[in-house]
Amino acid sequence: MKTVVFIQKIGEVDTSILIRLKKNLSWLFKKFALKVEIIPNAYSIQGDEYLEAERHYDGELILNRLENNFKSTIKNKLLGIIDADIKGIRKIHLFGLSNLRSSCALISIDRLRGSFCNGYEDQALFELRILKEATHELGHTFGLDHCTNECVMKYSNNLEDVDKKPKDFCQVCFQALKKSIKTRN
Ligand SMILES: [Zn+2]
Ligand SMILES: [Zn+2]
């Protein structure tokens, strides 16, 4: 049985974005025989996950809840996607978060929209950024750490870093990922 990556929208996320991400991830992970599926129902935000005074979501809390709710085999993965600001433990804004070798990851697409280099919203660039961050966080769930090569696993501090890194894995990460998925199957 193939490993499946489930895409779980959290609150409202534009359907066209989910469909596009599914297509892009399917293409990228085809070499690893991974299947990508969209979960039709949205995960609804729970009261304490939104910090009203600070106007952002608690990424850690959402990630932990996803992890607890996701009652699937360990080899499957779940990628939560939220169109709002999230912060992590250190109270900084995040594009995404995940735990190493866990089954869930979370990305926030809200800040991936901002400051397009040509001044107006560039849908293709927005989708590319989403793909890079989704791939990066999923990479962590398969045990990949940050990488200093020209690689999607490079750490991104800001949008410029996201735009600079490629959407693909370097050879080292590619082999590690292949091995990690193979051991699971
Ligand atoms: Zn990372
Ligand atoms: Zn790498």
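So, how was this worked out
- Residues numbered from 1 in each chain as written.
- Chains lettered and ligands numbered in written order.
- Predicted model: local features only at pLDDT ≥ 70, side-chain atom pairs only at ≥ 80, totals over all residues.
- Helix = DSSP H or I, 4+ residues; strand = E, 2+ residues; numbered from the N terminus.
- Buried ≥ 20, exposed ≤ 12 C-beta atoms within 10 Å, placed from the backbone.
- Contact = placed C-beta atoms within 7 Å.
- Pairing = 2+ DSSP bridges.
- Axes fitted to C-alpha atoms, helices over the stretch in contact; angles between N-to-C directions.
- Core = buried A, V, L, I, M, F, W, Y, C linked by C-beta atoms within 7 Å.
- Right-handed = clockwise from strand over helix to strand, strands pointing away.

Draft legend 1. Spotlight on the overall build of the protein. A tally of regular secondary structure across the protein gives five helices and nine strands. Each helix and strand of the protein, ordered N terminal to C terminal, gives the series β-α-β-β-β-α-β-β-β-β-β-α-α-α. Overall, the C-alpha framework of the protein stretches about 45 × 40 × 30 Å when taken along its three principal axes. By residue count, 31% of the 185 residues in the protein fall in the buried class. Excluding contacts between residues fewer than 6 apart, the proportion of contacts in the protein whose partners are at least 24 apart in sequence is 65%.

Draft legend 2. Summary view of the sheet that holds strand 9 (residues 104-108). Pairing is mixed across the open sheet formed by five strands, whose spatial order is 2-1-5-9-8. Of all strands in the sheet, those bounded by a partner on one side alone are strand 2 (34-43) and strand 8 (96-98). Taking the axes of each pair of neighbouring strands and ignoring which way they run, one obtains an average angle of 20° across the sheet. In the packing of helix 2 (residues 59-69) onto the sheet, the strands contacted are strand 1 (3-10), strand 5 (77-82), strand 8 and strand 9, and the crossing angle to strand 9 comes to about 145°.

Draft legend 3. Broad picture of the nonpolar core. Leu25, Leu79, Ile81, Leu106, Ile107 and Ala134 are the most contacted members of the largest nonpolar core, which totals 39 residues. Going through the elements one at a time, strand 1, helix 1 (15-28), strand 2, helix 2, strand 5, strand 9, helix 3 (123-141) and helix 5 (171-184) are the ones with two or more residues in this core. Setting aside chain neighbours within four positions, we find Ala134 in contact with Leu21, Leu25, Leu79 and Ile107.

Draft legend 4. Geometry of the pairing of strand 1. With six of its eight residues buried, strand 1 lies for the most part within the structure. As judged from the seven bridges shared by strand 1 and strand 2, these two strands associate in the parallel manner. When the bridges of strand 2 are listed, Phe6 appears paired with Glu37. Between strand 1 and its parallel partner strand 2, the chain crosses via helix 1, and the hand of that crossover is right-handed. By the bridge criterion, six bridges tie strand 1 to strand 5 in an arrangement that is parallel. In the strand pairing of strand 5, Phe6 is matched with Leu78.

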